[in-house]
Structure formats: structure tokens, C-alpha cells
Amino acid sequence: MTRADRIVRLGLAGSVVLLGAMPALAASRSDQPVQVWSAMQGIAPAALLEDVQDLPLSDMAIDDQPYCAADQEIAATLTTDFNEVPVDQSDASGTELWGSDQLGTWTLVAPRTDNTSCIIASGIGFTADRQTEAYYTVAGL
């Protein structure tokens, strides 16, 4: 799978968030509720986090699963495609929070021991004015 294919795969996963967020994107503000979507429908982010070390990289995945790739690839995709930046590194259960004040989106990334990471949740309602704990709480971490 090429880098472009991986970006498309992440873009598809994020499209649910962005489609749901469209009304909110016009006015991301601190009183907007925080909403979350698991990276895998029907499985809570906390359950994904428990299994994150055993998930295959996305270019080797057979079934629907969270997007897993090299740390640099995930960082480049979140920065370039979603305008997200690291907000809180290695917080709840070792996850990293990325967010975009411009789009009001946020992403929880679970780093792994092999210099790869998996996206376990994403959502809307991000603002730098909000306590980071709000995002971890709504994700169940």
C-alpha cells in the first residue's frame, strides 16, 4: 500500500468525524460539547488501547481496524490533512492528544513500542481553552 493509499484510508476514517462536524466547524467555541468516535465501530477506545500492541500496520490489515502506521506518518497526516498539532503527550494511559483550533477536531493516538502508533479515537469540540482531561474522559480513558 502506498503512502497515498494510507492517507486515503485515514481520510476515510476521519470523514465520519468531519461530516458530523461540518455544522460545528463554522463556530468552534469553548461551550461546544465534546464528541468522540471510536476508530473502530462498536469497540470502545479503551478496549482498542488494550490491544493496540497486537494490531497490524494498516498496510497489512485485512479487516476493518484502527489506522496504525509509523509515528512520523501519523504525525504528518494529522498535521497536513487535519491541521492538528500535539496538545498533550503521553497522558491518559500513555495516549497522545492532537487537536486543531482551526477545525475544532481532535484525535487520540496510542504510541507503540516499535515506533509506530494507532489512532484509537477522534472527535469534535476541540478548543485549546478546554482542559485536556475532557477529551480523555469522553473517550472513556
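Residues numbered from 1 in each chain as written. Predicted model: local features only at pLDDT ≥ 70, side-chain atom pairs only at ≥ 80, totals over all residues. Heavy atoms only, no water.

### Concerning the packing of aromatic side chains
Operational definition: Aromatic contacts are taken between Phe, Tyr and Trp rings whose centres are within 6.5 Å, Trp giving its six-membered ring; a plane angle under 30 degrees counts as stacked, one over 60 as edge-to-face, and the others as tilted. Going along the chain from the N terminus, every DSSP run of H or I of four or more residues is numbered as a helix, and every run of E of two or more is numbered as a strand. Throughout, exposure labels follow a simple rule: accessible area from a 1.4 Å probe, protein chains only, divided by the maximum for the residue type, with under 20% read as buried, over 50% as exposed, and the rest as partly exposed.
Enumeration over the complete set of coordinates arrives at 2 aromatic pairs. Centre to centre, the rings of Trp106 and Tyr135 are 5.3 Å apart; their planes meet at 55 degrees, and the pair counts as tilted. One end of the pair, Trp106, is in strand E5 (residues 105-111); the other, Tyr135, is in helix H4 (residues 133-138), with 29 residues separating them in the sequence. An angle of 35 degrees between the planes, with centres 5.3 Å apart, marks the rings of Phe126 and Tyr135 as tilted. Given a relative accessible area of 0%, Tyr135 falls into the buried group. Here a set of aromatic residues connected by ring pairs shows up, and it is made of Trp106, Phe126 and Tyr135.

### Considerations on helix H3 (residues 71-82)
Rules: An expected span of 1.5 Å times one less than the residue number is assigned to each helix.
The terminal C-alpha atoms of H3 lie 16 Å apart, and with 12 residues this matches the ideal 16 Å at 1.5 Å per residue to within 8%. Where H3 terminates, the next one or two residues include Asn83, which has phi positive at roughly 60 degrees.

### Some words on the nonpolar core
Rule in force here: Definition used in this section: a nonpolar core is a set of buried Ala, Val, Leu, Ile, Met, Phe, Trp, Tyr and Cys residues joined via side-chain atoms within 4.5 Å.
The biggest cluster of nonpolar side chains holds 18 residues, and the ones touching the most others in it are Val52, Leu97, Trp106, Leu108, Ile120 and Tyr135. For this core, the secondary-structure elements that each account for two or more residues are helix H2 (45-51), E5, strand E6 (116-124) and H4. Listed in part, the 8 residues of the second largest apolar core include Ala69, Ile74, Leu78 and Phe82.

### What about the confidence of the model for the protein chain?
Our working definition: A score from 0 to 100, pLDDT tells how confident the predictor is in each residue. For this analysis, residues touch if any pair of their heavy atoms sits within 4.5 Å.
Per-residue pLDDT for the protein chain has a mean of 80; in total, 74% of the residues score no lower than 70. Low pLDDT, under 50, characterises residues 10-27; the predicted model gives this stretch 22 contacts beyond four residues in sequence or across chains.

### Observations regarding the pairing of strand E4 (residues 96-99)
Quick note on the threshold: Two strands are counted as paired when DSSP detects at least two bridges linking them.
Of the two faces of E4, the one carrying Glu96 and Trp98 and the one carrying Leu97 and Gly99 are both buried. In terms of strand pairing, strand E3 (residues 85-88) meets E4 through 3 bridges, oriented antiparallel. Its bridge partner lying in E4, Asp88 is registered against Leu97. Bridge analysis of E4 against E5 gives 4 bridges, and the strand direction is antiparallel. Residue pairing across strands places Leu97 opposite Leu108, the latter belonging to E5. The loop that links E4 with its antiparallel partner E5 comprises 5 residues; one of these, Gly104, has a positive phi angle of about 75 degrees.

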